[in-house]
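Summary of the model geometry
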Amino acid sequence: MERPTNKKNFLTVGEVDIVRRSFLNLGNENAHAGEVFYRQLFALQPELRGLFVGDMDNQSEKMTNMLGMIVSQIHNMPELLPMLSDLAKRHLVYGVRVEHYQHVGHALLSMMKEIMGHQFNTEVAEAWTKAYDGIAITMIYNSFGQEGAAQYRSSA
Ligand code: HEM
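Described below are features of the structure shown in this document. Quick caveat: nothing in here was measured; it's all calculated off a predicted structure. (Residues numbered from 1 in each chain as written. Predicted model: local features only at pLDDT ≥ 70, side-chain atom pairs only at ≥ 80, totals over all residues. Heavy atoms only, no water.)

Looking at where Ile135 falls in the secondary structure, it is placed in helix 6 (residues 122–155). In this structure, the C-alpha to C-alpha distance between Ile135 and Leu81, residues 54 residues apart in sequence, is 9.4 Å. Leaving out residues up to four positions away in the same chain, Ile135 has contacts with Phe10, Ile70, Ile74 and Leu84. (Helix = DSSP H or I, 4+ residues; strand = E, 2+ residues; numbered from the N terminus. Contact = heavy atoms within 4.5 Å.)

Of all residues adjacent to the ligand, which total 21 residues, the nearest are Val53, Gly54, Arg90, His91 and Tyr94. For the ligand, an oxygen atom lies 2.6 Å from a polar atom in the side chain of Arg90. Interatomic distance of 2.4 Å between a side-chain N/O atom of Tyr94 and an oxygen atom of the ligand. Mapped onto the shell around the ligand, the elements with two or more residues apiece are helix 3 (56–72), helix 4 (77–93), helix 5 (98–116) and helix 6. When residues of the shell around the ligand are assigned to their parent elements, the largest contribution, 5 residues, is made by helix 3. Residues of the shell around the ligand, tallied by class, amount to 15 nonpolar, 4 polar and 2 charged. (Near = heavy atom within 4 Å. Polar contact = N/O pair within 3.5 Å; in protein donor to acceptor, adjacent residues only side chain to side chain. Nonpolar A, V, L, I, M, F, W, Y, C, P; charged D, E, K, R; others polar.)

Bringing the nonpolar core into the picture now. Ile74, Leu84, Tyr101, Met111, Trp128 and Tyr152 are the most contacted members of the largest nonpolar core, which has 49 residues in total. Of all elements in the fold, only helix 1 (13–26), helix 2 (30–44), helix 3, helix 4, helix 5 and helix 6 reach the threshold of two or more residues within this core. At 14 residues, the largest contribution of residues to this core is made by helix 6. Discounting residues that sit within four places of it in the chain, Leu84 has contacts with Ile70, Met77, Ile135, Thr138 and Met139. (Core = buried A, V, L, I, M, F, W, Y, C linked by side-chain atoms within 4.5 Å. Buried < 20%, exposed > 50% of the residue type's maximum accessible area, 1.4 Å probe, protein only.)

No other protein atom reaches the iron atom of the ligand as a donor apart from His91 (NE2), found 2.1 Å away. On the secondary structure map, His91 appears in helix 4. (Donors = N, O, S within 2.8 Å, 3.2 Å for Na, K, Ca; no water.)

Once that is clear, we can look at a nonpolar patch on the surface. The grouping of Leu92, Val93 and Tyr94 at the surface amounts to a nonpolar patch, some 320 Å² of accessible area in total. Looking at the element boundaries, Val93 is found in helix 4. Using a relative accessible area of 72% as the deciding quantity, one classes Val93 as exposed. (Patch = residues over 30% accessible without salt bridge, like charges linked within 9 Å, V, L, I, M, F, W, Y side chains within 5 Å. Areas by Shrake-Rupley, 256 points an atom, 1.4 Å probe, with all protein chains shown as cover. Salt bridge = Lys/Arg side-chain N within 4 Å of Asp/Glu carboxyl O.)

Written out as structure tokens, the structure reads:
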């Protein structure tokens, strides 16, 4: 299995804690979080709407469940790798390109900000940016290779 980095933990213990707590804080808001996330994404990049062919309530649930699963294992990337690699390869089939990962990252942060309000401070923003970049680079590396990862890094 290919890895963009050999580091087991790309987040500090404190950052893992912040990411976990803030995600858990969305709590019962999970369905709402998915809805807000896709509203933000399509407002930011309307052309991405065309990639989604299925029911969006269902998709929102799948996305937030998957995110929750990733967040619960974010302290241990080797454990997550096979799952992220498979997810990334399925995303190739959905027509997802490297530059789309940037837009999804922005929508994710906007969603957190909208739901968390004043609790979404610089620390939370930085921890989530780092977490998402790590996830995105891992997925991109496993679907677009080294060049794709470099493209993402240069625009991040
Ligand atoms: C952290 C990154 C991401 C996560 C965790 C994630 C998660 C998911 C999940 C769980 C699904 C359900 C289907 C499956 O498991 O294969 C899915 C489908 C999909 N995702 Fe993602 N995704 C991510 C990034 C992206 C990006 C960057 C795009 C680009 C716009 C995207 C577009 C799509 C599309 C088009 C589908 C299929 C929807 C359909 O069938 O209607 N995803 N994603």
